[in-house]
Amino acid sequence: MESATKLQQLSAKLLAWSDIRSTVASWQQGGEKVVFTNGCFDILHYGHLHYLAEASDLGDRLVIGLNSDASVKQLKGQHRPIHDLKTRQMMLASLDFVDAVIIFEEDTPARLIEAVLPDVLVKGGDYKPEDIVGYHTVVHNGGQVATLAFIEGYSTTSIEQKIRNRPA
């Protein structure tokens with residue numbers, strides 16, 4: 001019974017498009033600052049955890065836009081994703097500082113950002129803020145756009161290469 005309750009709590013963080021705007025609006029109306037970021041989060045590693053924890057510190061609620069399997073394949077190649085969508089969703093939802101995970105099918109989260117209308121949009125430091133998808137939407141609505149530094153030595157691609165190059 002205990003595990004079913006925990007799984008239900010995690011599943012409650014997996015939001016549908018039909019619920020995201022009203023959920024975020026209720027948080028914002030309650031005075032909470034909503035932070036949004038997105039990504040594939042295929043093999044969750046320390047770099048991801050550090051980035052997501054820092055992003056969550058920029059507000060009261062953290063919403064993650066998660067690339068669908070087809071979207072990951074389009075962006076990263078036919079060998080990806082390594083973890084299926086359900087696994088990636090539940091890994092993110094299991095983090096205490098994550099409040100919502102929502103899937104998007106497109107190559108970019110532009111439409112999702114328009115639906116969420118976060119107070120803060122966050123991406124990695126390899127972007128200039130004005131080049132981040134959703135920048136104009138967020139700024140036009142009074143929000144801010146932030147970039148966070150990457151932790152060197154951590155990437156899904158390097159982990160994948162390490163696994164592939166391991167002797168049998």
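Structure: above.
Okay, so let's go over this structure. Just so it is clear, the model here is predicted, and its values are computed rather than measured.

### Structural notes on the packing of aromatic side chains
Under the definition given, this model contains zero aromatic pairs. In this structure, R111 packs its charged tip against the face of W17, placed 4.3 Å from the ring centre.

### Quick look at the pairing of strand β1 (residues 34-39)
Among the six residues that make up β1, six are buried, leaving the element largely enclosed by the rest of the structure. Side chains V34, F36 and N38 of β1 all project onto a buried face; the interleaved residues V35, T37 and G39 project onto the opposite face, where all are buried too. With six bridges connecting them, β1 and strand β2 (residues 61-67) associate as parallel partners. If you follow F36 over to β2, its bridge partner there is V63. Each parallel crossover has a hand, and for β1 linked through helix α3 (residues 46-56) to β2 it is right-handed.

### Section: unusual backbone geometry
Backbone geometry at F41 places phi at a positive 45°, although glycine is not the residue there. Structurally, F41 is set in the loop between β1 and α3. At L117, a position not held by glycine, the phi torsion is positive, near 50°. Looking at where L117 falls in the secondary structure, it is placed in the loop between α6 (110-116) and β4 (120-124).

Cut-offs applied
- Residues numbered from 1 in each chain as written.
- Predicted model: local features only at pLDDT ≥ 70, side-chain atom pairs only at ≥ 80, totals over all residues.
- Heavy atoms only, no water.
- Phe/Tyr/Trp six-rings, centres within 6.5 Å; stacked < 30°, edge-to-face > 60°.
- Lys NZ or Arg CZ within 6 Å of the ring centre and 35° of its normal.
- Buried < 20%, exposed > 50% of the residue type's maximum accessible area, 1.4 Å probe, protein only.
- Helix = DSSP H or I, 4+ residues; strand = E, 2+ residues; numbered from the N terminus.
- Pairing = 2+ DSSP bridges.
- Right-handed = clockwise from strand over helix to strand, strands pointing away.

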